[in-house]
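So you can see what is in the structure, the chains are spelled out below.
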Amino acid sequence: MKVLVIGQGGREHALAWKLAGAESVTDVFCAPGNAGMATVGSCVPLPSDDIPALVSFARDQSIDLAVVGPEVPLVNGLVDAFQAAGLRAFGPSKQAAALEGSKAFAKEIMRRGNVPTADHVVLETLEEAQTFLQDREDQSWVVKADGLAAGKGVIMCDDRIQALEAVRHILVEDAFGNAGKQVVIEETLVGQEASILALVDGNTIVALESSQDHKRAGDGDTGPNTGGMGAYSPAPLVTPELMSDIERNVLVPTVHAMKLAGCPFQGLLYAGLMITNQGPRVLEFNVRFGDPEAQPVLLRLRSDLGEVLLAAADGRLAEFGPLEWDPRPSVCVVMASDGYPEKYQTGHPIQGLDQAAALPDVEVFHAGTTAADGQVLTSGGRVLGITALGDDHSDAKRRAYEAVKCIRWEGAWCRKDISDKVRQP
Ligand code: AMP
Ligand code: GLY
C-alpha cells in the first residue's frame, strides 16, 4: 500500500522509517518531511496544516493510508476531511481530537469515565480564580490553558499568588490567544511520569510498550520545559501489574466514555501519567504519537506497522494478534540547537551523520533538518533523535551517546543523563 506520513519531526521520521521497512508498504510519501525522511520516502512540499492540499495530493496519488504525526491538523479536522473525500487516515476525528485540543473536555471525559486524574476546576474569569484560590489552603497549583499551546500552556505555581498570576497571564493577557479562553487549575501531583501509547480503533485497544520522556532541558530534570530531550522504552517503573491497572482504569474507561459521548476514538491515544503513591493519575491525553517517545518505542516494534495502523483505521484491531517487540530496551537522545527551547539559530551544516548511522543498532532520526547542496543543515530547535538498542538500558544509553559523539554542528548540545532514571526510582 501507499502511505503518506504527515509532519516533519523526529516522530514522523521514525514512523516513515518503520513504514518504509514494512512488508505491507510499497511507497512512503512525506508531507513535508525532513532531510532524514527524504532517505526513506518521497518528500512533497506540503505543510502539515494545509488540509485541502493534503487531501488533493492523497487523492491524486491514490494514497491508501495517511498517518498524521502532529496534533494541530488532527484538532483542525484532517481525518474528517480525508474521510469525506473517501480516503483513509489513521487518527481521531476533529471531535475526538478534542481530548488533546481541550483540557476541559478531557477532564469531562475523565469525570464521566471515573478515570483517575488531579482534582481540578475549569474557570473563565480572573474573579472566579480569585475566589477559588482564596477559599483554599495556600498550596502549589498547576495552571493550564485549555487549548493547544505548543507545550507551553502548563504553568507550575508554588502558591496562590503565582497561580493567580498564571491565570492572569492566560485569561487577561491572552498569552496563548484562543487556547486561553478557559483555564484549568489543578492540584500538583508528585511521582514519576510515564507515557503509555495505545492504538485504538474505536473499540479495541492495543497498548504499545511503555516509555518515559525527559521534558526539562537540563540534566537531573532542571531548567525550562522542552518538547522532550530524550526518552527510553520500556519504562521499568511500569510493571506488568501497573500496566494492567492503567489499561483497566485509564484506557478502557476513556475509550468507553468517548464512545458514549458520540465521538469514538480512532488513532493513537497517549496517556501522560504521573505514577503517584496512590496509583497512576492522568496528567494529559494526547491524540498522536509522543515525540520523542515514538522513536525508542518504534525502534523496538517488530510487527508490520502498516498493517496494524490500517487495521486501526478500519476498525479491525480485534482481528490482530499481539504485537511483537524486540525485548531489548532502547534509548533516544535528542540533540538540539544552541539556545533551544528559547531562541536558536538554524542553517548550520551537520557533520558525522553517516558515521553515527553506521554504528550497530543505532538509528539517527531527524527532527529539524533540511537538505541543501548535498549537505544536511539544522532547521529546528530539536535537530536529531539518536536512538539505540542495547542489552539493557545502560548498554542502550552507551550506544546512543557513542553515536552522539560522532555528530557535530555549531552549538549542538544534548542532555547527558537520558535513561539514568531507570536506576533512580
Ligand atoms: P501536560 O501538558 O498537561 O502533560 O503538562 C506538561 C507537564 O507539566 C507534565 O508532563 C508534568 O511534568 C507537568 N504537570 C502537568 N500537570 C501536573 C500536575 N497536576 N502535577 C504535577 N505536574 C504536572
Ligand atoms: N513528548 C511529549 C509529547 O509528545 O507531547
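Residues numbered from 1 in each chain as written. Chains lettered and ligands numbered in written order. Predicted model: local features only at pLDDT ≥ 70, side-chain atom pairs only at ≥ 80, totals over all residues. Heavy atoms only, no water.

Asks: Go over the overall build of the protein chain, please, and point to the residues and values.
Replies: Of regular secondary structure, the protein chain possesses 13 helices and 22 strands. The C-alpha radius of gyration computed for the protein chain amounts to 21 Å, which stays within 12% of the reference 22 Å derived for 425 residues, consistent with globular compactness. Viewed in the frame of its principal axes, the protein chain has a C-alpha envelope of about 60 × 45 × 40 Å. Within the protein chain, buried positions represent 58% of all 425 residues. Across the protein chain, the fraction of contacts at a sequence separation of at least 24, relative to all contacts at a separation of at least 6, is 69%. When the accessible surface of the protein chain is split by element, carbon and sulfur atoms take 48% of a total near 17,400 Å². Positive and negative side-chain charges in the protein chain, numbering 37 and 57 respectively, have mean positions lying 1 Å apart. (Helix = DSSP H or I, 4+ residues; strand = E, 2+ residues; numbered from the N terminus. Rg over C-alpha atoms; globule rule 2.2 N^0.38 Å. Buried < 20%, exposed > 50% of the residue type's maximum accessible area, 1.4 Å probe, protein only. Contact = heavy atoms within 4.5 Å. Areas by Shrake-Rupley, 256 points an atom, 1.4 Å probe, with all protein chains shown as cover. Lys, Arg positive; Asp, Glu negative; His and termini not counted. Charge placed at Lys NZ, Arg CZ, Asp CG, Glu CD.)

Asks: Just give me the short version of unusual backbone geometry, but keep the residues and values in it.
Replies: Cis geometry is found at the peptide bond from S233 to P234, where omega equals -5°. Among the structural elements, P234 can be located in the loop between β15 (230-233) and α9 (240-260). The omega torsion of the bond from D291 to P292 falls at 25°, within 30 degrees of zero and hence cis. Along the polypeptide, P292 turns up in the loop between β17 (279-286) and α10 (294-300). Phi is positive for S62, which is not a glycine, with a value near 50°. With respect to the helices and strands, S62 occurs in the loop between α2 (51-60) and β4 (65-68). By relative accessible area, which is 48% here, S62 ends up partly exposed. Despite not being glycine, N114 has its phi angle at roughly 55°, a positive value. Within the secondary structure, N114 sits in the loop between α6 (103-113) and β6 (120-123). Residue N114 is classed as exposed on the basis of its relative accessible area of 68%.

Asks: Residues and numbers for the site of ligand 1, please.
Replies: Near ligand 1 you find 14 residues, and of these E186, L189, E193, K215 and E284 are the closest. Measuring from a nitrogen atom of ligand 1, one finds a backbone N or O atom of E187 at 3.0 Å. Between ligand 1 and E193 there is a distance of 2.4 Å, counted from an oxygen atom to a side-chain nitrogen or oxygen. For ligand 1, whose unbound accessible area comes to 470 Å², protein coverage reaches 90%. (Near = heavy atom within 4 Å. Polar contact = N/O pair within 3.5 Å; in protein donor to acceptor, adjacent residues only side chain to side chain.)

Asks: Now, about the environment of V331: what can you tell me, with residues and values included?
Replies: Looking at the secondary structure, you find V331 in strand β18 (residues 330-336). In sequence terms V331 and D391 are 60 residues apart; their C-alpha atoms lie 11 Å from each other.

Asks: Run through the site of ligand 2, naming residues and quoting values.
Replies: Lining the immediate environment of ligand 2, one finds D213, G227, Y270, N286, R288, G290, D291, P292 and E293. Between ligand 2 and D291 there is a distance of 2.9 Å, counted from a nitrogen atom to a backbone nitrogen or oxygen. In the complex, 89% of the free accessible area of ligand 2, which totals 190 Å², lies under the protein chains. Residue composition of the shell around ligand 2, by class: two nonpolar, three polar and four charged. (Nonpolar A, V, L, I, M, F, W, Y, C, P; charged D, E, K, R; others polar.)

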